[in-house]
Amino acid sequence: MTTSSKNVDVLVLGGGAAGVCAAVSAARGGLKVLLVESQGCLGGSRTATGVDTFYGFYTPQQQQRIVGGIPWELAQQLIKMNAAFERKNTYGAGTGITYDVELLKVVYEDAVLTSGAELLYHTYASLVHQSEGRITGVVLANKLGLTEVSAKIYIDATGDGDIAARAGAPFEKSDAMELQSLSTIFFMANIDTDAAKKVSHAELASMMKEANQSGKYVLPREEGSWHVTPNPGVIQANMVRVGGVDATDPFALTIAEVEGRKQTQQYVRFLKDCVPGFENGFLIGTSHHIGVRETRRIIGGYMLTEEDVVAGRRFEDGIACCGAPIEDHGAGKDTRWVYVQGDGYYHIPYRSLVPQRIDNLLVAGRCLSATHGAQASARNSAQCMAMGQAAGTAAAISIERNVAARDIPSQALQERLVSQNAII
Ligand SMILES: Cc1cc2nc3c(=O)[nH]c(=O)nc-3n(C[C@H](O)[C@H](O)[C@H](O)COP(=O)(O)OP(=O)(O)OC[C@H]3O[C@@H](n4cnc5c(N)ncnc54)[C@H](O)[C@@H]3O)c2cc1C
């Protein structure tokens, strides 16, 4: 039973990297947009999860910038605020842009609110109503009760493809041991970063091995990395690994949150006891939400494959470029890295944002239509934002032309994206 209802042109579910850019592009296109987010900030993995570096703007080898548009505009805003800097990546993923997580929350909120989109926090998209291949409403749950929102186009940017799945659109999900593992990100302050930087990545890994062998620490991942942030003496660490978890199962996700925090305590103790520069450091925070890399991947008009990624394949309906390597954090294994060949980037096709069976639904972000291997590359944040911009713009074109989202001419979408400084 719903207690109220609302109508908009575009309903964006999920306010992560993809949802923010989808809402901004649709609202800038003159549409009435509602952006719904279950947490109390925008950014998803980018903020609540504490992942503070945008990868994917540049190709790793050639250092060619391949993402523009709204994502680049937002990254530049952070750099102008002295809240971000460019940084080389440890594993050859290319130059990243490391930013202050708290300021990204503000930049995302400003972008959404100045675009004219309406923002709704602490609200969960739950039931989906549909009829004859079209979604007719999504039921939102929050402290007020249940509200049914109807829209002309729905954009599923939940990362998990919640809306597409509930609408009956086909999707794939790897089994728990193949799904990429989850990570609790943590921040430490009062670190002597000059001293800490003298310890190479290989030395850190062998210190972790020794620590495990001593029996005094339990460090499930004997690799992982830390890096400096825009705040002096503050570092971000990505070391925790919780594998074998299907994050669409809230019970399993709860256990993973508990395990991630426990592992964090072990890594902090290890860093302080064993690694020069960390002696006087202390933990200032763990991610509010454990980092989820992969859950549902929709089966859309085209499923991007690992072969497409490695070959640097271009598509006629390409809407974004990606040069990020495949970074597959399979449970129980070391991270698998595979690099894009050729001139270093491939296209994400529009069809990978278009689910089957439902006419007025698009997805954007890490739940795109891609195989396990391809998603491990296309999930990078610059690409999720670019997919968001493409989905918001596609929604505008679909509404203007009164055609199903899958039937909009890809050339019209590409032309409009390029006019918004996107790079294809
Ligand atoms: C540990 C980790 C490290 C990473 N490192 C990097 C890195 O260094 N660089 C890089 O570029 N990428 C990195 N990534 C990948 C990248 O951050 C993500 O793939 C990308 O940000 C995903 O964006 P998204 O918007 O698709 O999804 P998400 O960030 O998952 O956002 C989805 C949003 O939807 C909300 N939501 C979910 N369900 C509902 C619902 N039913 N109703 C309402 N709201 C809902 C969530 O709260 C969330 O805010 C990393 C990812 C992880 C997990």
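In case you missed it, the structure is sitting above this.
Described in the following lines is the structure provided in the data block. Since the model is a prediction, treat every value here as computed from it, not as a measurement.

1. Section: the pairing of strand S3 (residues 33–36)
It is a general feature of regular strands that their side chains alternate between the two faces of the sheet. Alternating residues of S3 divide into Val33 and Leu35 and Leu34 and Val36, and every residue in both groups is buried. Strand direction decides the pairing type here: strand S2 (residues 10–13) and S3, joined by 4 bridges, are parallel. Bridged to Leu11 within S3 is Leu34. Here 3 bridges tie S3 to strand S7 (residues 118–120), and the two strands are oriented parallel to one another. When the bridges of S7 are listed, Leu34 appears paired with Glu118.

2. Description of the sheet that holds strand S22 (residues 361–363)
In space, the 5 strands of this open sheet follow the order S7-S3-S2-S11-S22, with parallel pairing throughout. The open sheet is flanked by S7 and S22, the only strands paired with a single partner. Across the sheet, the mean angle separating the axes of adjacent strands is 20° when strand polarity is ignored. Its contacts with the sheet place helix H1 (residues 17–28) against S2, S3 and strand S11 (153–156), and it is angled at close to 170° to S3. Contacts between helix H10 (residues 381–401) and the sheet are confined to S2, S11 and S22, with S11 contributing the most and set at about 165° to the helix.

3. Re empty space enclosed by the protein
In this structure the tally under the stated criterion is 2 cavities of 30 Å³ or more. The computed volume of the largest cavity comes to approximately 80 Å³. The set of elements that each furnish at least two residues to the lining of the largest cavity consists of strand S18 (318–322) and H10. Of the residues belonging to the lining of the largest cavity, the class tally is 11 nonpolar, 2 polar and no charged. In this structure, the second largest cavity occupies an estimated 30 Å³ of space.

4. A word on the pattern of salt bridges
Within the structure shown, the criterion is met by 19 salt bridges. The salt bridge involving Glu222 is made with Lys209; its shortest N-O contact spans 3.2 Å. Separated by 13 residues along the polypeptide, Glu222 in the loop between helix H6 (201–214) and strand S14 (225–228) and Lys209 in helix H6 bring together distant segments of the chain. A residue is classified by how much of its surface remains accessible, and Lys209, at 43% relative accessible area, is partly exposed.

5. A few points about the site of the ligand
In the vicinity of the ligand, 34 residues are found, and the nearest of them are Glu37, Ser45, Thr53, Arg379 and Ser381. One nitrogen or oxygen atom from the side chain of Arg46 is found 2.9 Å from an oxygen atom belonging to the ligand. Asp162 is positioned such that a nitrogen or oxygen atom in its side chain is 3.0 Å from a nitrogen atom of the ligand. When the ligand sits alone it has 1000 Å² of accessible area, and the protein chains cover 94% of it. Elements with a minimum of two residues in the shell around the ligand: H1, strand S4 (53–54), strand S8 (124–131) and H10. Residues of the shell around the ligand, tallied by class, amount to 10 nonpolar, 18 polar and 6 charged.

6. Looking at the state of the cysteines
For the coordinates displayed, the defined rule picks out 0 disulfides. Unpaired in this structure, Cys384 has its nearest cysteine sulfur neighbour in Cys367, at a distance of 8.5 Å.

7. Topic: the layout of surface pockets
Of the voids in this model, the second largest pocket is the one considered here, and its volume is about 290 Å³. Looking at the lining of the second largest pocket, the elements that each hand over two or more residues are helix H3 (101–115) and strand S16 (282–286). When grouped by side-chain class, the residues that make up the lining of the second largest pocket number 7 nonpolar, 8 polar and 4 charged. Both domains that furnish three or more residues to the lining of the second largest pocket are identified here as domain 1 (4–175 + 294–419) and domain 2 (186–286).

Reading guide: rules and limits
- Residues numbered from 1 in each chain as written.
- Predicted model: local features only at pLDDT ≥ 70, side-chain atom pairs only at ≥ 80, totals over all residues.
- Heavy atoms only, no water.
- Buried < 20%, exposed > 50% of the residue type's maximum accessible area, 1.4 Å probe, protein only.
- Helix = DSSP H or I, 4+ residues; strand = E, 2+ residues; numbered from the N terminus.
- Pairing = 2+ DSSP bridges.
- Axes fitted to C-alpha atoms, helices over the stretch in contact; angles between N-to-C directions.
- Contact = heavy atoms within 4.5 Å.
- 1 Å grid on protein atoms, 1.4 Å probe; cavity = no way out; pocket = protein on both sides within 12 Å on 5 of 7 lines; lining within 4 Å.
- Points joined across faces, edges and corners; volume = space filled by probe spheres on them.
- Nonpolar A, V, L, I, M, F, W, Y, C, P; charged D, E, K, R; others polar.
- Salt bridge = Lys/Arg side-chain N within 4 Å of Asp/Glu carboxyl O.
- Near = heavy atom within 4 Å.
- Polar contact = N/O pair within 3.5 Å; in protein donor to acceptor, adjacent residues only side chain to side chain.
- Areas by Shrake-Rupley, 256 points an atom, 1.4 Å probe, with all protein chains shown as cover.
- Disulfide = S-S within 2.5 Å.
- Domains from an automatic or database assignment.

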